[in-house]
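A look at the structure
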Amino acid sequence: MKPQSSGLSQTEILELTQRKQIKIEQQICEDDVELADVVQTALPTNIKHLGFPNLGNTCYMNSVLQCLLTVSPFRDDVLSQRKWWNEGSAMLRALTDLHMTRLTGNDKKLKAKLLSTVKACIETRHPDFLGDHQQDAHEFLMVCLSYLKEEGELQQSYWPEYTCPVANMEFQLKRLRTCDSCGFLRSIREDYNYLSLVISPQGCLIDSLQQYFKTSSFDCSCSECAGTTVSEALELITLPRVLVLLVMRFDVTSSMCKLEDRLEVPEEFSLSSCAGHYISHIRGISGSGWLECSDTSIRKSSWSKASRDIRKNGYMLFYVKR
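Residues numbered from 1 in each chain as written. Predicted model: local features only at pLDDT ≥ 70, side-chain atom pairs only at ≥ 80, totals over all residues. Heavy atoms only, no water.

The protein appears in an unreviewed UniProt entry as USP domain-containing protein from Cirrhinus molitorella.

Dropping the structure here:
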């Protein structure tokens, strides 16, 4: 099987981005636009071009894709391995072309077509996403990563040197279960691509993480004695390049109503009504400034503005390892 290129060749992409670079520089001079208005990815683009059209209650998809295409380790692995693609790379190809439309212009019809391709890929394996019903952003992220991992495993079966972009989010945890009666210790290794956090009483992300890794006790039969309870501690075995944190914003004990408890979220840290509209706050890829993305609407923001919204409404958080 021979690898196939995407709809745009490397030469065509270079020519398009070079032409776009000239137009952008002219626009900055003519409109007196500040440099903060230009988001740098592979090459600069006007922030107005970053928006995605809503296909019908698809803000959940748009917000997730905005985050994925802004997380540099993931995006770079997608874009840099085009030579390995084949007929089984539909999602990878669609994501790349979707990203390139943000660099080379604001063709809404093309964006809508590419977004439809992404949605169709998901629908083939997860029919719950058929139609134009509102869906959960985290569920979409999980099925999207699962689909991309399938494509990545197919590539690796032909070309072992291929690196699956989803690997950036993956890590391992060790569960250490100790019988409270006899002290028998059992170690369990598990694969993860996100952590699910409960908002702590202190309303702080770090406290929520500490609570997640706090030793807990629960009922469990011991295989070595008649003990009925165990203590469990969690340890990180590996660290991901991109840490995805899911904030539990819904009350599963009642009617799944949204919880608007405030959560203080740091811009950086180190590790040793029930329906609504999804938006994303993404950092400018040049490393400075923040953007608020709501489907086709892209607005300049700041960490102070973004953090205020995240404290009350933050649902999924992406942290990149430095």
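Next, the rest of the story.
Quick look at the overall build of the protein
Secondary structure summary: the protein contains eight helices and 12 strands in total. Looking at the protein residue by residue over its 322 residues, the buried ones come to 45%. Accessible area of the protein: about 16500 Å², with a carbon and sulfur share of 50%. (Helix = DSSP H or I, 4+ residues; strand = E, 2+ residues; numbered from the N terminus. Buried < 20%, exposed > 50% of the residue type's maximum accessible area, 1.4 Å probe, protein only. Areas by Shrake-Rupley, 256 points an atom, 1.4 Å probe, with all protein chains shown as cover.)

Details of helix α2 (residues 59-70)
Taking 1.5 Å as the rise per residue, α2 with 12 residues should run 16 Å; its terminal C-alpha atoms sit 16 Å apart, in good agreement. Among the 12 residues in α2, 12 count as buried, and that is most of the element. When we look at burial in α2, the residues that qualify are C59, Y60, M61, N62, S63, V64, L65, Q66, C67, L68, L69 and T70. (Expected span 1.5 Å × (residues − 1).)

Section: the sheet that holds strand β5 (residues 195-197)
One open sheet holds the three strands; their spatial order is β5-β8-β12, and the pairing between them is mixed. At either end of the open sheet lies a strand with only one pairing partner, and these are β5 and β12 (316-320). Geometrically, the sheet is characterised by an average inter-axis angle of 25° between neighbouring strands, direction not taken into account. Bridge count between β5 and strand β8 (residues 242-247): three bridges; the pairing is parallel. For L197, the partnering residue across the bridge sits in β8 and is V247. With respect to the sheet, helix α6 (residues 137-158) is in contact with β8 and β12, its orientation differing from that of β12 by roughly 45°. Docked against the sheet, helix α7 (residues 205-212) engages β5, β8 and β12, running at close to 110° with respect to β5. (Pairing = 2+ DSSP bridges. Axes fitted to C-alpha atoms, helices over the stretch in contact; angles between N-to-C directions. Contact = heavy atoms within 4.5 Å.)

Points about the environment of A90
Structurally, A90 can be placed in helix α4 (residues 90-104). For the pair A90 and T117, spaced 27 residues apart in the sequence, the C-alpha separation amounts to 8.0 Å. Apart from residues no more than four positions distant in its own chain, A90 is found in contact with C121 and E151.

Thoughts on the nonpolar core
Ranked by internal contacts, the top residues of the largest apolar core, which has 52 residues, are L65, L68, M91, F140, L141 and F318. Within the residue set of this core, elements represented by two or more residues are α2, α3 (72-79), α4, α5 (108-125), α6, β8, β10 (290-294) and β12. Take this core: its biggest share by element is nine residues, from α6. Excluding its chain neighbours within four sequence positions, the residues that come into contact with F318 are C67, L68, V71, L141, V242, L243 and V244. Residues Y192, L209, L234 and I310 belong to the second largest nonpolar core, which totals 19 residues. (Core = buried A, V, L, I, M, F, W, Y, C linked by side-chain atoms within 4.5 Å.)

Quick word on the state of the cysteines
The final tally for this structure, using the stated rule, is zero disulfides. Between C121, a cysteine without a disulfide, and C144, which holds the nearest cysteine sulfur, the sulfur-to-sulfur distance is 9.1 Å. (Disulfide = S-S within 2.5 Å.)

Re the environment of V71
With respect to the secondary-structure elements, V71 resides in the loop between α2 and α3. Among the residues examined, V71 registers a relative accessible area of 7% and is labelled buried. A sequence separation of 170 residues divides V71 from R241, and the C-alpha atoms of the two residues are 9.9 Å apart. When near neighbours in sequence (up to four residues on either side) are disregarded, V71 contacts V242, F318 and V320.

Digging into the pairing of β10
In terms of burial, β10 is a largely internal element, five of the five residues being buried. Residues of β10 alternate between two faces, with W290, E292 and S294 on one and L291 and C293 on the opposite face, all of them buried. Of the strand pairs in this sheet, strand β9 (residues 280-283) and β10 are connected by four bridges, and their pairing is antiparallel. Within the sheet, the bridge partner assigned to H281 lies in β10 and is E292. Bridge count for β10 against strand β11 (residues 297-301) is five bridges, and the pairing is antiparallel. Considered in β11, the bridge of S294 is made with S297. In textbook terms, the turn of a hairpin is the stretch between consecutive antiparallel strands, and for β10 and β11 this stretch comprises two residues, one of which, D295, has a positive phi near 55°.

A closer look at the packing of α2 against α6
Orientation of α2 relative to α6, taken along the N-to-C sense of each, is 55°, at an axis distance of 9 Å. One way to sum up the angle between α2 and α6 is to call them oblique. Remark: the crossing between α2 and α6 carries right-handed chirality. Packed against α2, whose contacting residues are Y60, M61, S63, V64, L65 and L68, the element α6 presents A137, F140, L141 and C144 at the interface. The residue inventory of the contact of α2 with α6, partitioned by class, reads nine nonpolar, one polar and no charged. (Parallel < 35°, antiparallel > 145°, perpendicular 65-115°, else oblique. Left-handed = near helix turned anticlockwise from the far one by under 90°. Nonpolar A, V, L, I, M, F, W, Y, C, P; charged D, E, K, R; others polar.)

Examining the packing of aromatic side chains
Throughout the structure, instances matching the rule amount to nine aromatic pairs. Seen in terms of ring centroids, W290 and W303 are 5.0 Å apart; in terms of plane orientation they differ by 40°. Their pairing is tilted. Here W290 is found in strand β10, whereas its partner W303 is found in helix α8 (residues 303-313), with 13 residues between them in sequence. Aromatic ring contacts, followed pair by pair, group Y60, F129 and F140 into a single cluster. (Phe/Tyr/Trp six-rings, centres within 6.5 Å; stacked < 30°, edge-to-face > 60°.)

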